[in-house]
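Residue strings, one per chain:
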Amino acid sequence: SPSSAASDVYKRQSKYGIIKVEVLDMFNLNILTRLFLIGGKMFEKLRCEVQKRVTPKRYTHILGVEEKAVELGKKYQADENKLRIAAILHDVAKSMQVDELEKICRENFSAELTEEDLKITEILHGFVGSIIARKEFGIDDTEILDAIKYHTIGKKGLSIVGRIIYLSLIHI
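Examining helix α4 (residues 80-89)
Link 1 in the chain: The buried fraction of α4 is high, at eight of ten residues.
Link 2 in the chain: By the burial criterion, the buried members of α4 are Lys-82, Leu-83, Arg-84, Ile-85, Ala-86, Ala-87, Ile-88 and Leu-89.
Link 3 in the chain: Among the residues of α4, the N-terminal cap falls to Asp-79, whose side-chain oxygen and the backbone nitrogen of Asn-81 are separated by 2.9 Å.

Right, here's the structure in full:
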């Protein structure tokens, strides 16, 4: 049952220290609705967190993908918020060590990735990035998670968000 308050604030420990998190518990809100309520500051927070995890060159690439994705999204009437989130987070795992990426993929995607796939190290960061987006950033939208997961290889039946992220990488 919802509480009488529209929101509660609590502190959550993360590897970046204590984060103050506003919980909108009156409604069962997904990440996109929370972004709408919070405004563009959430995108800036995502960018800052990702910037801490990647090289300066990679961060510049991420910003270029975001810009191109928004441009293409306007042309194809795709959800700009979803595109921004997916673009910002698509390479969140790119700077991780290959052995760590392989380990995480073996633990989480053994039904989807073959031993042969695991040897193609350039695809692993997308799979791991989708886990990081879900577990560390609270992204629960399947279109966004799939766009991150499959941004290097594509996938039959990928949503417009996923296809635009994939194309944005080619056109920046």
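A few points about the pattern of salt bridges
Side chains that carry opposite charge are capable of pairing whenever their charged atoms lie near each other.
Link 1 in the chain: One pass over the structure, following the stated rule, counts 14 salt bridges.
Link 2 in the chain: We note a salt bridge from Glu-136 to Arg-53, for which the minimum N-O separation is 2.5 Å. Here Glu-136 is found in helix α7 (residues 124-137), whereas its partner Arg-53 is found in helix α2 (residues 41-53), with 83 residues between them in sequence.
Link 3 in the chain: Overall, the relative accessible area of 32% leaves Glu-136 in the partly exposed class.
Link 4 in the chain: Salt-bridge contacts for Arg-84 lead to Glu-66; the nearest nitrogen and oxygen are separated by 2.7 Å. Of this pair, Arg-84 sits in helix α4 while Glu-66 is found in helix α3 (residues 56-75), placing the two residues 18 residues apart along the sequence.

Focus on the nonpolar core
Link 1 in the chain: Counting residues in hydrophobic clusters, the biggest one holds 42 residues, and the most contacted among them are Leu-89, Cys-105, Leu-113 and Ile-139.
Link 2 in the chain: Contributions of two or more residues to this core are made by α2, α3, α4, α5 (98-108), α7, α8 (142-149) and α9 (160-170).
Link 3 in the chain: The biggest single contributor to this core is α7, with seven residues.
Link 4 in the chain: In contact with Leu-89, other than residues within four places in its own chain, are Leu-46, Val-50, Ala-133, Phe-137, Ile-139 and Ile-148.

Notes on the environment of Val-65
Link 1 in the chain: Counting through the fold element by element, Val-65 comes out in helix α3.
Link 2 in the chain: Other than its neighbours up to four places away in sequence, Val-65 contacts Ala-87, His-90, Ser-168, Leu-169 and Ile-172.

Points about the side chain of Asp-91
Link 1 in the chain: Structurally, Asp-91 is set in the loop between α4 and α5.
Link 2 in the chain: Residue Asp-91 is classed as buried on the basis of its relative accessible area of 2%.
Link 3 in the chain: Of note is the side chain of Asp-91, whose polar atom sits 3.2 Å from the side chain of His-151.
Link 4 in the chain: Leaving out residues up to four positions away in the same chain, Asp-91 has contacts with Val-54, Arg-58, His-61, Ile-62, His-125 and His-151.

Concerning the packing of aromatic side chains
Link 1 in the chain: Here the structure, examined in full by the defined rule, presents two aromatic pairs.
Link 2 in the chain: Taken together, a centroid distance of 5.1 Å and an interplanar angle of 70° make the contact between Phe-109 and Phe-127 edge-to-face. Highlighted residues: Phe-109 in the loop between α5 and α6 (115-118) and Phe-127 in helix α7, separated in sequence by 18 residues.
Link 3 in the chain: With centroids separated by 5.7 Å and ring planes inclined at 80°, the aromatic side chains of Phe-127 and Tyr-150 adopt a geometry described as edge-to-face.

Examining the environment of Gly-129
Link 1 in the chain: Structurally, Gly-129 can be placed in helix α7.
Link 2 in the chain: Since its relative accessible area comes to 0%, Gly-129 is described here as buried.
Link 3 in the chain: Residues Gly-129 and Lys-149, 20 residues apart in the sequence, show an inter-C-alpha distance of 6.5 Å.
Link 4 in the chain: Those residues in contact with Gly-129, other than ones at most four positions away along the chain, are Val-92, Ala-93 and Ile-148.

Cut-offs applied
- Residues numbered from 1 in each chain as written.
- Predicted model: local features only at pLDDT ≥ 70, side-chain atom pairs only at ≥ 80, totals over all residues.
- Heavy atoms only, no water.
- Buried < 20%, exposed > 50% of the residue type's maximum accessible area, 1.4 Å probe, protein only.
- Helix = DSSP H or I, 4+ residues; strand = E, 2+ residues; numbered from the N terminus.
- Polar contact = N/O pair within 3.5 Å; in protein donor to acceptor, adjacent residues only side chain to side chain.
- Salt bridge = Lys/Arg side-chain N within 4 Å of Asp/Glu carboxyl O.
- Core = buried A, V, L, I, M, F, W, Y, C linked by side-chain atoms within 4.5 Å.
- Contact = heavy atoms within 4.5 Å.
- Phe/Tyr/Trp six-rings, centres within 6.5 Å; stacked < 30°, edge-to-face > 60°.

Just distances and angles here, no functional claims.
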